[in-house]
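Topology and contacts: notes
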Amino acid sequence: MKRQLLWGIALLAAACSTPPAEPTLKEAFADEFLVGTALNAAQIMGQDREAQVLIATHFNSIVAENCMKSEEIQPEEGKFDFSLSDPFVAFGEENDMFIIGHTLVWHSQLAPWFPFDKEGNKVSREVMIERLKSHITTLVSRYRGRIQGWDVVNEAILEDGTLRPTPFLEIIGEDYLELAFQFAHEADPDAELYYNDYSMASEGKRNRVVQLIRDLKAKGIRIDAVGMQNHMGMDYPAIEEFEKSLTAFAAEGVKVMITEWDITVLPTVRMGAEVSDRVAYAKQMNPYPDGMPDEVSQAWDERLRSFVDLYEKHADKISRVTAWGFSDGDSWRNDWPMPGRTDYPLLFDREKKLKPVVQEIINEKINNK
Ligand code: XIL
C-alpha cells in the first residue's frame, strides 16, 4: 500500500514537471491557412528522423520536393517508380496532413523519353496527348482520395506573358493546358487542381495567369487555386507587385496558395526560379559561409515579417503557405543557381531549430488568440 502511494506520488510529480508543449506553427496559423513544407527523400524515408518528427509537429500540409516529378516517377515509358511517393503519401496520412502532388506537367525534370520516339524524333500530337493522359491518369488515380490537391501544370508562362516553349506546347499546342486539367479531373473528380508558377509579381505573368483562369473557367474546366511559388530574395519581388497578383488571382474566384516559400539572403545571381539556370561558383557571391552577421539576420527577419503580414492581411484568399524545404541545410537555394553556397532561407536553421523570429511570431499569435 505504502509502495503504491509512493508510486502514485512519483507519477504525479513526473506529470507536473512535464513542461507544457511549445505552441507550433500549425496551431499559430490554424484560423488562417494551412502551413506546409516540402519533403526530401531522407525525410520521407525516415533517415532524417529528427526532421520527420518536427515536420509532423509543426506542419499540417506536405508536398514532395522531387519524387513525383516525371523523370523520377516515370523514368521509362510505362515504368513507374512509387518507392518514394507511396511512403510520402503514407506519412501525410499518418499525420493527418493535407497532401499535395507536385507536379504533373513541367518542362524541368521532365522524363527524357517523354517527347521522343525510339528513333529520337519528336512524337506526334496524338502520341504526346496519349502520354500526357497516361502519366496524369496513372498518378492521380493511384492516389485518388488520398492526395487532396495537385500542381497540375507548373511554370507554363514566361514573365512577358507568353507561353513557355516546352515540348508540350510545341507538340500539342496551347490546348495542352486544358487537357492536363481535364485528365487530372477525370482521374479524381474530388481533387483540387492548381496552376503553379514563380515570378508571379511580374505584370506580364500576372495578366496571362488571369487569362488562363478565365479560359479554363469559360470552358467549364476545374481550377481551384493558383500557386504562387514565392522564391524570393532580399530585394525582390516588390511586395506591392506581389500583392497585386495575389488579389488579381483571387478576384477570378480561385484560392491562392503560397506554394514554394523561401527568402535567400545571398547576393542575387538570378531572380525567379528557372531550375536549369546554372552559374559557376564565385567566392564573393557566398559571403556568409560561417553564419549571418546580425544586421543581415535582422533584415531577413523583417522581410519574413512583412510577407507574413501580407499573408495574414489576405488570409481570406490564401488557403495554404508552404515553405520549400524544412531547414536551411536542406534548401535547394544553397545550390541554385550557383552551387556550393551557404544560404539561410527557411524557417528552421541548420541545427533544425525554429528560428527565433519564427518562434516570436508563433508566440505573438498564440497570445493574441
Ligand atoms: C527544385 C528542388 O528543390 C531541387 O531539389 C531540384 O534539384 C530542382 O527543383 N520550382 C519548382 C520546384 O516548382 O519543383 C523546384 O524544386 C524549384 C523551382
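Everything that follows concerns the structure shown earlier in this document.
Residues numbered from 1 in each chain as written. Predicted model: local features only at pLDDT ≥ 70, side-chain atom pairs only at ≥ 80, totals over all residues. Heavy atoms only, no water.

So, on to the environment of P337. When you line up the elements, P337 lands in the loop between strand 9 (318-323) and helix 13 (356-368). Sequence separation between P337 and I362 is 25 residues; the distance between their C-alpha atoms is 32 Å. When residues no more than four places from it in sequence are discounted, the contact partners of P337 are V269, R270, D277, R278 and V279. (Helix = DSSP H or I, 4+ residues; strand = E, 2+ residues; numbered from the N terminus. Contact = heavy atoms within 4.5 Å.)

A few words now on the side chain of K365. Inspection of the secondary structure assignment puts K365 in helix 13. K365 sits in the buried class, given a relative accessible area of 16%. With near-sequence residues (within four places) excluded, K365 lies in contact with A28, F29, E32 and E312. (Buried < 20%, exposed > 50% of the residue type's maximum accessible area, 1.4 Å probe, protein only.)

What follows is about the site of the ligand. The environment of the ligand is formed by 15 residues, the closest being E65, K69, H102, N154 and E260. Side-chain polar atom of H102 to an oxygen atom of the ligand: 2.7 Å apart, as the coordinates give it. One nitrogen or oxygen atom from the side chain of W324 is found 2.9 Å from an oxygen atom belonging to the ligand. Within the complex, the protein chains bury 85% of what would otherwise be the 410 Å² of accessible surface of the ligand. Of the residues in the shell around the ligand, the class split is five nonpolar, six polar and four charged. (Near = heavy atom within 4 Å. Polar contact = N/O pair within 3.5 Å; in protein donor to acceptor, adjacent residues only side chain to side chain. Areas by Shrake-Rupley, 256 points an atom, 1.4 Å probe, with all protein chains shown as cover. Nonpolar A, V, L, I, M, F, W, Y, C, P; charged D, E, K, R; others polar.)

All chains considered together, the criterion is met by four cavities of 30 Å³ or more. Of the pockets and cavities examined, the largest cavity occupies roughly 200 Å³. Taken together, 16 residues form the lining of the largest cavity, with L25, F29, V308, V321 and L347 sitting closest to its centre. Among the elements of the structure, strand 1 (34-39), helix 12 (294-313), strand 9 and helix 13 are those that each provide at least two residues to the lining of the largest cavity. Looking at side-chain class alone, the lining of the largest cavity contains 14 nonpolar, two polar and no charged residues. Here the second largest cavity is characterised by a volume of approximately 60 Å³. Y236, T264, L266, P267, T268, V269, R270, R333, W336, P337, R341 and D343 are the residues that line the second largest cavity. Per-class residue counts for the lining of the second largest cavity are six nonpolar, two polar and four charged. (1 Å grid on protein atoms, 1.4 Å probe; cavity = no way out; pocket = protein on both sides within 12 Å on 5 of 7 lines; lining within 4 Å. Points joined across faces, edges and corners; volume = space filled by probe spheres on them.)

Before going further, it helps to examine the nonpolar core. Ranked by size, the top nonpolar core spans 104 residues in total, and within it W150, V153, Y195, F249, W261, L304 and Y311 carry the most contacts. For this core, the element with the most residues is helix 9 (residues 176-187), which contributes eight residues. Those residues in contact with V153, other than ones at most four positions away along the chain, are T103, V105, Y176, L177, A180, F181, Y194, Y195 and N196. One finds I100, Y198, A225 and W324 within the second-largest nonpolar core, a separate group that totals twelve residues. (Core = buried A, V, L, I, M, F, W, Y, C linked by side-chain atoms within 4.5 Å.)

Next up on the list: the packing of aromatic side chains. For the structure shown, the criterion picks out twelve aromatic pairs. Taking the centre distance of 6.2 Å and the plane angle of 80 degrees together, the rings of W261 and W300 count as edge-to-face. With W261 in strand 8 (residues 255-263) and W300 in helix 12, this residue pair connects regions lying 39 residues apart in the sequence. Considered together, W261 and W300 belong to a single accessibility category, that of buried residues. Arranged with centres 6.2 Å apart and planes meeting at 55 degrees, the rings of F307 and Y311 form a pair that is tilted. One end of the pair, F307, and the other, Y311, are both in helix 12, four residues apart, so they sit about a helical turn from each other. Across the pair, exposure class does not vary: F307 and Y311 are buried alike. The ring of Y198 carries the charged tip of K205 above its face, separated from the ring centre by 4.3 Å. Sitting above the plane of the Y344 ring, R350 keeps its charged end 5.1 Å from the centroid. (Phe/Tyr/Trp six-rings, centres within 6.5 Å; stacked < 30°, edge-to-face > 60°. Lys NZ or Arg CZ within 6 Å of the ring centre and 35° of its normal.)

Nothing here speaks to function; it is all geometry.
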